[in-house]
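Below are the chains, spelled out letter by letter.
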Amino acid sequence: MKDLLHVTDLTTGDLTRLLDLANGFQDDPRSASHLLAHRIVPMYFAKPSTRTRLSTAAAVTRLGGTPIAIGPDELQLRRGETIADTARVMGSYAAAIVIRTYADADVTDLAAAAPIPVVNALTDGHHPLQAIADLLTVQEHFGQLRGHRIAYVGDGGNVARSLMEAAALAGMDIAVATPPGYEPPDEAVAFTAAEVDRNGGGFLLTTDPVEAVKGASVVYTDVWLSMGDPEEDQARRRKALTPYRVDENLMALARDDAVFMHCLPAHRGQEVTPGVIDGGRSLAFRQAANRLPATQAVLYALLTDRLNGRP
Ligand code: CP
Ligand code: NVA
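- The name given to the chain in an unreviewed UniProt entry is Ornithine carbamoyltransferase, and the organism recorded there is Actinomadura geliboluensis.
- Listed in UniProt under the heading Pathway (unreviewed entry), the comment for the chain reads: "Amino-acid biosynthesis; L-arginine biosynthesis; L-arginine from L-ornithine and carbamoyl phosphate: step 1/3."
- Among the UniProt annotations of the chain, the heading Subcellular location (unreviewed entry) holds the following wording: "Cytoplasm".

Quick look at the structure:
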């Protein structure tokens, strides 16, 4: 497999391989420090980023390469050069391309034309690097993934989608609670249901946050207004999503040893209360830290041909 564009590109074996590699990079961050020697990795970010941009830069550096951050106005794309031409040209200089943008089709087009690996660093529909770091964090905390329920509560956007797909590949028990109209897309629901069947997990899609968190080891949420969502939707989203705020009362309904997770950035008082995200059960900053070894693992695997991808 050349690229990592979606969690659904991966097999269960690929995910396990990535988590093992990431675990290795946690123990020995410099174990492949010459892989990208004398190579560059362009990182095109059309949306803001703190974690993804910096953890990817750190991952490339640890693999011996040079990350080049590129903003949306710095290429010729906005002056009419095609994505395909841009991809071909980048392929002459770079080891891989990391891209964060709006439309998934743009990333698919880039990957189709690029002779080198392309990594999706978040699109409107997907956030695979986040999901891999999240499962690494759950595994690190609980020792294993199977047998644990992840309850995702809130907007069924890119983070929810990649998380549920990855948890299904790992054979976890997944519960997703969203307001009506904010569910993950049908194809993500179908993939999750099929993989849960195959891998022996469980899957609940509900509008009831209380039902979702019962028996959960992890309670997870994301922002109410994602990058690229129209500002004029803010009031409507706030009204629909307020009952899905993760607070101390909701956490109390999960397992006694349950943890809280959030991809960050967080909005205290909106999707999560300060007491939960800043409390002793929050793994939010472990997740952020784990973005680095997870991205190192993805780049290593793609550049050494260690992912099979789905047939
Ligand atoms: N979680 C995440 O992707 O954060 P950034 O937007 O800061 O990269
Ligand atoms: N759903 C959020 C995730 C941010 C990391 C967004 O797309 O803005």
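Read on for the rest.
## A look at the overall build of the chain
Stage number 1. The number of helices and strands found in the chain is 12 helices and 9 strands.
Stage number 2. A compact globule built from 311 residues would reach a C-alpha radius of gyration of about 19 Å, and the chain, at 19 Å, matches this within 12%.
Stage number 3. Taken along the three principal axes of its C-alpha coordinates, the chain extends 55 × 45 × 35 Å.
Stage number 4. Split into buried and exposed, the 311 residues of the chain put 55% on the buried side.
Stage number 5. Pairs at least 24 residues apart make up 76% of the contacts formed inside the chain by residues separated by at least 6 positions.
Stage number 6. Accessible surface computed for the chain: about 12600 Å², of which carbon and sulfur atoms make up 50%.
Stage number 7. Across the chain, 29 positive and 38 negative side-chain charges occur, with their mean positions spaced 4 Å apart.

## Remarks on the sheet that holds strand S4 (residues 118-120)
For sheets, the rule is that strands pair by backbone hydrogen bonds, running either parallel or antiparallel.
Stage number 1. Taking strand neighbours across the sheet as the criterion, the 4 strands line up as S2-S1-S3-S4 in an open arrangement whose pairing is parallel. Taken across any chain shown, the strands that pair with only one partner, and hence form the sheet edges, are strand S2 (66-70) and S4. Along the sheet, successive strands turn relative to each other by an average axial angle of 20 degrees, direction set aside.
Stage number 2. Each of strand S1 (40-45), S2 and strand S3 (97-100) touches helix H2 (residues 51-62); the most contacted strand, S1, lies at about 175 degrees to it.

## As for the side chain of Asp233
Stage number 1. Here Asp233 lies in the loop between strand S8 (218-221) and helix H9 (234-241).
Stage number 2. What makes Asp233 buried here is its relative accessible area of 17%.

## Side note on empty space enclosed by the protein
Stage number 1. For the structure shown, the criterion picks out 1 cavity of 30 Å³ or more.
Stage number 2. Space inside the largest cavity adds up to approximately 40 Å³.
Stage number 3. Every residue lining the largest cavity is listed: Trp224, Leu225, Gln234, Arg237, Arg238 and Gln270.
Stage number 4. Considered class by class, the residues forming the lining of the largest cavity number 2 nonpolar, 2 polar and 2 charged.

## Looking at the UniProt feature "domain: Aspartate/ornithine carbamoyltransferase carbamoyl-P binding" (unreviewed entry) in the chain
Stage number 1. The positions that UniProt labels "domain: Aspartate/ornithine carbamoyltransferase carbamoyl-P binding" (unreviewed entry) are, in the present scheme, residues 2-140.
Stage number 2. For the annotated span residues 2-140, helix accounts for 45% and strand for 13% of the residues, and the straight-line distance between the end C-alpha atoms is 28 Å.

## Observations regarding the site of ligand 2
Stage number 1. Surrounding ligand 2, one finds Leu122, Asn158, Val159, Asp222, Val223, Ser226, Met227 and Leu264.
Stage number 2. Here an oxygen atom of ligand 2 and a backbone polar atom of Met227 are 2.8 Å apart.
Stage number 3. The protein chains hide 94% of the 270 Å² of surface that ligand 2 would expose on its own.
Stage number 4. The site holding ligand 2 turns out to be the largest pocket.
Stage number 5. Here the residues of the shell around ligand 2 sort into 5 nonpolar, 2 polar and 1 charged.

## Digging into the nonpolar core
Stage number 1. Grouped together as the largest cluster of nonpolar side chains are 65 residues, with contacts concentrated most on Leu18, Ile132, Leu135, Val138, Met172 and Val298.
Stage number 2. Setting aside chain neighbours within four positions, we find Val298 in contact with Leu4, Leu18, Val119, Leu129 and Ile132.
Stage number 3. Ranked by size, the runner-up nonpolar core spans 21 residues in total, among them Val213, Ala258, Val272 and Ile277.

Calculation rules
- Residues numbered from 1 in each chain as written.
- Chains lettered and ligands numbered in written order.
- Predicted model: local features only at pLDDT ≥ 70, side-chain atom pairs only at ≥ 80, totals over all residues.
- Heavy atoms only, no water.
- UniProt positions renumbered as here; feature names shortened; annotations may be inferred.
- Helix = DSSP H or I, 4+ residues; strand = E, 2+ residues; numbered from the N terminus.
- Rg over C-alpha atoms; globule rule 2.2 N^0.38 Å.
- Buried < 20%, exposed > 50% of the residue type's maximum accessible area, 1.4 Å probe, protein only.
- Contact = heavy atoms within 4.5 Å.
- Areas by Shrake-Rupley, 256 points an atom, 1.4 Å probe, with all protein chains shown as cover.
- Lys, Arg positive; Asp, Glu negative; His and termini not counted.
- Charge placed at Lys NZ, Arg CZ, Asp CG, Glu CD.
- Pairing = 2+ DSSP bridges.
- Axes fitted to C-alpha atoms, helices over the stretch in contact; angles between N-to-C directions.
- 1 Å grid on protein atoms, 1.4 Å probe; cavity = no way out; pocket = protein on both sides within 12 Å on 5 of 7 lines; lining within 4 Å.
- Points joined across faces, edges and corners; volume = space filled by probe spheres on them.
- Nonpolar A, V, L, I, M, F, W, Y, C, P; charged D, E, K, R; others polar.
- Near = heavy atom within 4 Å.
- Polar contact = N/O pair within 3.5 Å; in protein donor to acceptor, adjacent residues only side chain to side chain.
- Sits in = over half its atoms within 2 Å of the grid points.
- Core = buried A, V, L, I, M, F, W, Y, C linked by side-chain atoms within 4.5 Å.

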